[in-house]
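Residue-level listing of the chains:
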Amino acid sequence: MKSLKTFLLLTLIFLSGITLWGQKTIVCDLQVEILPYYPIKDATIKSMYSNICKITQSFQIRSEKKDTLYFVIDNPSQFSFFNAFYFQKLYIKERNTNDTIPHIFASDTLKVILPKKDCNIEIHYYYQPDYFMFGNEYVACLFCPYQQSWFSWYFSLPNMKINDVIISVHEQIYFFGNLMRKKTDKGKIYLSTESIPENGISFFWIEKPYYEHIKTSIRNQQYNLYLLKGFTFTDDSASCYTLMPPLQKVDSNVINTYISDLNKAVEGLVKIFQKNVSFDIVEALLDISQGEDRVRWGSAFPLSDSNVFIFMDTSFWSGHNCLHEIVHAYNDILPAKSDSSYYFFHESMTEYLSIYFKYNRQKRDSVYEAKILKYINLKQDYISIFEINKSEVSLDFGGTYGVTYLKTPYVINSFAKRIGEDKFIEILSLFYKQIRKTKTVNFLEFEKIFKSNGVSDEDWAWLVKNL
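Right, let's walk through the structure included here. (Residues numbered from 1 in each chain as written. Predicted model: local features only at pLDDT ≥ 70, side-chain atom pairs only at ≥ 80, totals over all residues. Heavy atoms only, no water.)

### Let's talk about the sheet that holds strand 14 (residues 211–218)
Consideration 1: Taken in spatial order, the 5 strands make up an open sheet running 14-15-16-18-17, and their pairing is mixed. Strands at the two margins of the open sheet, each flanked by one partner only, are strand 14 and strand 17 (298–304). Taken over all neighbouring pairs, the strand axes of this sheet differ in orientation by 15 degrees on average, direction set aside.
Consideration 2: Judged from the 7 bridges that link them, strand 16 (residues 278–284) and strand 18 (residues 307–313) form a sheet pairing that is parallel. Paired with Glu283 across the bridge in strand 18 is Met312.
Consideration 3: The strands that helix 4 (residues 252–273) touches are strand 14, strand 15 (221–228) and strand 16; relative to strand 14, the one it contacts most, it runs at about 35 degrees. (Pairing = 2+ DSSP bridges. Helix = DSSP H or I, 4+ residues; strand = E, 2+ residues; numbered from the N terminus. Axes fitted to C-alpha atoms, helices over the stretch in contact; angles between N-to-C directions. Contact = heavy atoms within 4.5 Å.)

Set out below in structure tokens:
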């Protein structure tokens, strides 16, 4: 029996070794050159934006047994029948030669015939995302996302490791990426690839003439605000610049209002989370409307534990949406995604706190009244926040939206009012102070700290029942 166990163990080790050996890492380098509209001399390149990207992906292929590799677009556009328009003048060659390599690009797959087992190949193409297909097409003249989690701008392999990412920019744009910068040299930005987000590499550009860059300090942390000046239309459609000259809507009153609101909110957030964060905040017309619906979006991208940049629609300033993205940067210690309370802490608590720090008590009541009425009138696929194991938000606010952003924050607010809002915030501060040390977040720990600070079994049962 012992010899049989030994044989089985050795067999498993051998088979796992074969599997690991078969999954050789292929190293990839990414080079992106963001080109201004006017210097492009090639009339066959059709650019929908002021800045199209010239991209080179380099791959080191070593001892490849297959004669064909299949590169994929992880997140293809829903308009993928336009791929020839998004990926223009695509060709593949062996590095340091002029010999092109046969390939077939169909749907979301690029099939490449390798010239030999050991080779360095390059995929060249001009890329522009499908952002102009959504909402206001003029917006893409001022801002454009290359967001890998939305639509892939580079090709991937299952065992691909991204090594170098180098972005060449021109002086008319601000550049932002979701990777830390290693250095900037002669118009080239070198990004660190030590920690690539799960959703891949994303970057964004905005046109400098349309944005006012404001630098300010809040609680000794640096805030860079990029405020949209706006634009007006003319009869000259020779280019975006002549069709849409920038306005000057950003004045001292606008700037002071934004900074004052941020100061007030950040003071409360630092007290709760015992953490300081610096921000780059870009406001843009992030319109992804479809039909008669008007949908605006925004996202927060952590660069490090203490540095985050946010892209958001201009409308986010008027409500609590801007603050929601800011709270995410503070609310950074979360349960495992497999934990049933993950979305309670990650999204619902973030939404509650953004409303709490944005509005006074009277205004908060009206916000929550609107939330619960909207929840009641929407068809809901889920009842409890503990049922949610992934985020599914559609343009008609179906999926998980109702439970996560409407019902659960409403219940948290009702519970806070039930035990006293000041008491709730005080205990919540103790909870986040504790998890800052222990790094342990779950609903059981949440219950323990509330009950140990005077919350009755009856009140706690009310919360759990209504969640």
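Once you've had a look at it, read on.
### Section: helix 4
Consideration 1: Counted at 1.5 Å a residue, the expected span for helix 4 with its 22 residues is 32 Å, and the 31 Å between its end C-alpha atoms agrees.
Consideration 2: Along helix 4, the residues that are buried comprise Ile255, Tyr258, Ile259, Leu262, Ala265, Val266, Gly268, Leu269, Val270, Ile272 and Phe273.
Consideration 3: Tucked into the core, helix 4 has its buried residues touching strand 14, strand 15, strand 16, helix 5 (321–330), helix 6 (342–358) and helix 9 (421–438).
Consideration 4: Sitting at the amino-terminal end of helix 4 is Asp251, which places a side-chain oxygen 3.2 Å from the backbone nitrogen of Asn253.
Consideration 5: Backbone geometry just after helix 4 places Gln274 at a positive phi near 55 degrees. (Expected span 1.5 Å × (residues − 1). Buried < 20%, exposed > 50% of the residue type's maximum accessible area, 1.4 Å probe, protein only. Polar contact = N/O pair within 3.5 Å; in protein donor to acceptor, adjacent residues only side chain to side chain.)

### Some remarks on unusual backbone geometry
Consideration 1: Although it is not a glycine, Lys89 sits at a positive phi angle of roughly 50 degrees.
Consideration 2: Here Lys89 falls in the partly exposed class, since its relative accessible area comes to 43%.
Consideration 3: A positive phi is found at Asn220, a non-glycine position, where the angle reads about 65 degrees.
Consideration 4: With respect to the element layout, Asn220 can be found in the loop between strand 14 and strand 15.
Consideration 5: For Asn220, a relative accessible area of 74% corresponds to the exposed category.

### Observations regarding the packing of aromatic side chains
Consideration 1: For the structure on display, the rule yields 60 aromatic pairs.
Consideration 2: Aromatic pair Tyr258 and Trp317: ring centres 4.0 Å apart, planes at 10 degrees, arrangement stacked. Of this pair, Tyr258 sits in helix 4 while Trp317 sits in the loop between strand 18 and helix 5, and the two are 59 residues apart along the sequence.
Consideration 3: Taken together, a centroid distance of 5.5 Å and an interplanar angle of 40 degrees make the contact between Phe424 and Phe450 tilted. Here Phe424 is found in helix 9, whereas its partner Phe450 is found in helix 10 (residues 443–451), with 26 residues between them in sequence.
Consideration 4: Take Phe450: its relative accessible area is 0%, and that puts it in the buried class.
Consideration 5: Over the face of the ring belonging to Tyr190 we find Lys183, whose NZ or CZ atom lies 4.7 Å from the ring centre.
Consideration 6: Against the face of Tyr174 rests Lys208, its NZ or CZ located 5.2 Å from the ring centre. (Phe/Tyr/Trp six-rings, centres within 6.5 Å; stacked < 30°, edge-to-face > 60°. Lys NZ or Arg CZ within 6 Å of the ring centre and 35° of its normal.)

### A closer look at the pattern of salt bridges
Consideration 1: Taken as a whole and judged by the stated rule, the model has 17 salt bridges.
Consideration 2: Between Lys358 and Asp261 there is a salt bridge, with the nearest N and O atoms lying 3.6 Å from each other. Taken together, the residues Lys358 in helix 6 and Asp261 in helix 4 connect sequence positions 97 residues apart.
Consideration 3: Asp261 gets classed as partly exposed once you look at its relative accessible area, which sits at 29%.
Consideration 4: Asp332 serves as the salt-bridge partner of Arg436, at 3.4 Å between the closest nitrogen and oxygen. Taken together, the residues span a long stretch of sequence, with Arg436 in helix 9 and Asp332 in the loop between helix 5 and helix 6 at a distance of 104 residues. (Salt bridge = Lys/Arg side-chain N within 4 Å of Asp/Glu carboxyl O.)

### Some thoughts on the pairing of strand 11 (residues 181–185)
Consideration 1: Bridge count between strand 11 and strand 12 (residues 188–191): 4 bridges; the pairing is antiparallel. When the bridges of strand 12 are listed, Asp185 appears paired with Lys188.

### Details of the packing of helix 6 against helix 7 (residues 361–377)
Consideration 1: It is the contact of helix 6 with helix 7, at a shortest axis distance of 9 Å, that shows an interaxial angle of 145 degrees. Between helix 6 and helix 7 lies a crossing whose hand is right-handed. Counted together, Glu351, Tyr352, Ile355 and Tyr356 of helix 6 and Arg364, Val367, Tyr368 and Lys371 of helix 7 form the full contact between these two elements.
Consideration 2: Classifying every residue of the contact of helix 6 with helix 7 by side-chain character gives 5 nonpolar, no polar and 3 charged. (Left-handed = near helix turned anticlockwise from the far one by under 90°. Nonpolar A, V, L, I, M, F, W, Y, C, P; charged D, E, K, R; others polar.)

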